Amino acid sequence: MAKKEISYTEAMAEIERILDRFRREEMTVDVLTQEVKRATELIALCRERLSKTEEELKKITE
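Per chain, residue numbering runs from 1 following the sequence as it is written. Per-residue local features of the predicted model are confined to residues with pLDDT of at least 70, and side-chain atom pairs are confined, for both listing and counting, to 80 or more; whole-chain, interface and lining totals are unaffected and use all residues. Only hydrogens and water are set aside when side-chain values are computed; all heavy atoms of the structure are taken into account.

Focus: the nonpolar core
Counting 8 residues, the largest nonpolar core is built from Ile6, Ala11, Ile15, Ile18, Met27, Ala39, Leu42 and Cys46. A helix here means a DSSP run of H or I that spans at least four residues, while a strand means a run of E at least two residues long, and both kinds are numbered starting from the N terminus. Contributing elements (two or more residues each) for this core: α1 (8-23) and α2 (29-61). The contact definition used throughout considers only heavy atoms, calling two residues in contact when any of these lie within 4.5 Å. Aside from chain neighbours lying at most four places away, what touches leucine 42 is Ile6, Ala11, Glu14, Ile15 and Ile18. For our purposes a nonpolar core is just a set of buried Ala, Val, Leu, Ile, Met, Phe, Trp, Tyr and Cys residues, chained together by side-chain atoms within 4.5 Å. We call a residue buried when its accessible area falls under 20% of the maximum for its residue type, exposed when it is over 50%, and partly exposed in between, using a 1.4 Å probe and counting protein chains only.

A word on a nonpolar patch on the surface
Within the patch definition used here, like charges are joined within 9 Å and nonpolar side chains (Val, Leu, Ile, Met, Phe, Trp, Tyr) within 5 Å, considering only residues with over 30% relative accessible area and no salt bridge. Note on areas: Shrake-Rupley with a 1.4 Å probe; residue coverage comes only from the protein chains shown. The term salt bridge refers to a pairing of a side-chain nitrogen on Lys or Arg with a carboxyl oxygen on Asp or Glu at a separation within 4 Å. A surface patch of nonpolar side chains, about 250 Å² in accessible area, is lined by Tyr8, Met12 and Leu50. By the element assignment, leucine 50 lies in helix α2.

Remarks on the packing of α1 against α2
Lines are fitted to the C-alpha atoms to define the axes, a helix being fitted only along its stretch in contact, and any angle between axes, read from their N-to-C directions, falls within 0 to 180 degrees. Across the interface, α1 lies against α2 with an axial gap of 9 Å and an inter-helix angle of 150 degrees. Relative to α2, the element α1 lies roughly antiparallel. Judged by the sense of rotation from one axis to the other, the crossing of α1 with α2 is left-handed. Where α1 abuts α2, its residues Tyr8, Ala11, Met12, Glu14, Ile15, Ile18, Arg21 and Phe22 lie against Leu32, Glu35, Arg38, Ala39, Leu42, Ile43, Leu45, Cys46, Arg49 and Leu50. Three residue categories are used. Nonpolar comprises Ala, Val, Leu, Ile, Met, Phe, Trp, Tyr, Cys and Pro, charged comprises Asp, Glu, Lys and Arg, and polar comprises the others, including Gly. In the contact of α1 with α2, the residues fall into 13 nonpolar, no polar and 5 charged. Should an angle fall under 35 degrees it is taken as roughly parallel, and over 145 as roughly antiparallel, whereas 65 to 115 is taken as roughly perpendicular and any remaining angle as oblique. Should the near helix be turned anticlockwise from the far one by less than a right angle, the crossing is termed left-handed; should it be turned clockwise, right-handed.

Spelled out as structure tokens, the structure:
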């Protein structure tokens, strides 16, 4: 089954939830690595979306 495409807003919300749990020290050491990996993937996705949007806006405004 294909993985559902996550939106920028959903990715940012998930990053915020991960950060919130980290700040509250609700993560065990065992889970920390997985959560950091997931957050890194989400940040990369957000950067990609922002870059793509910036390129599209430049094309539109030229």
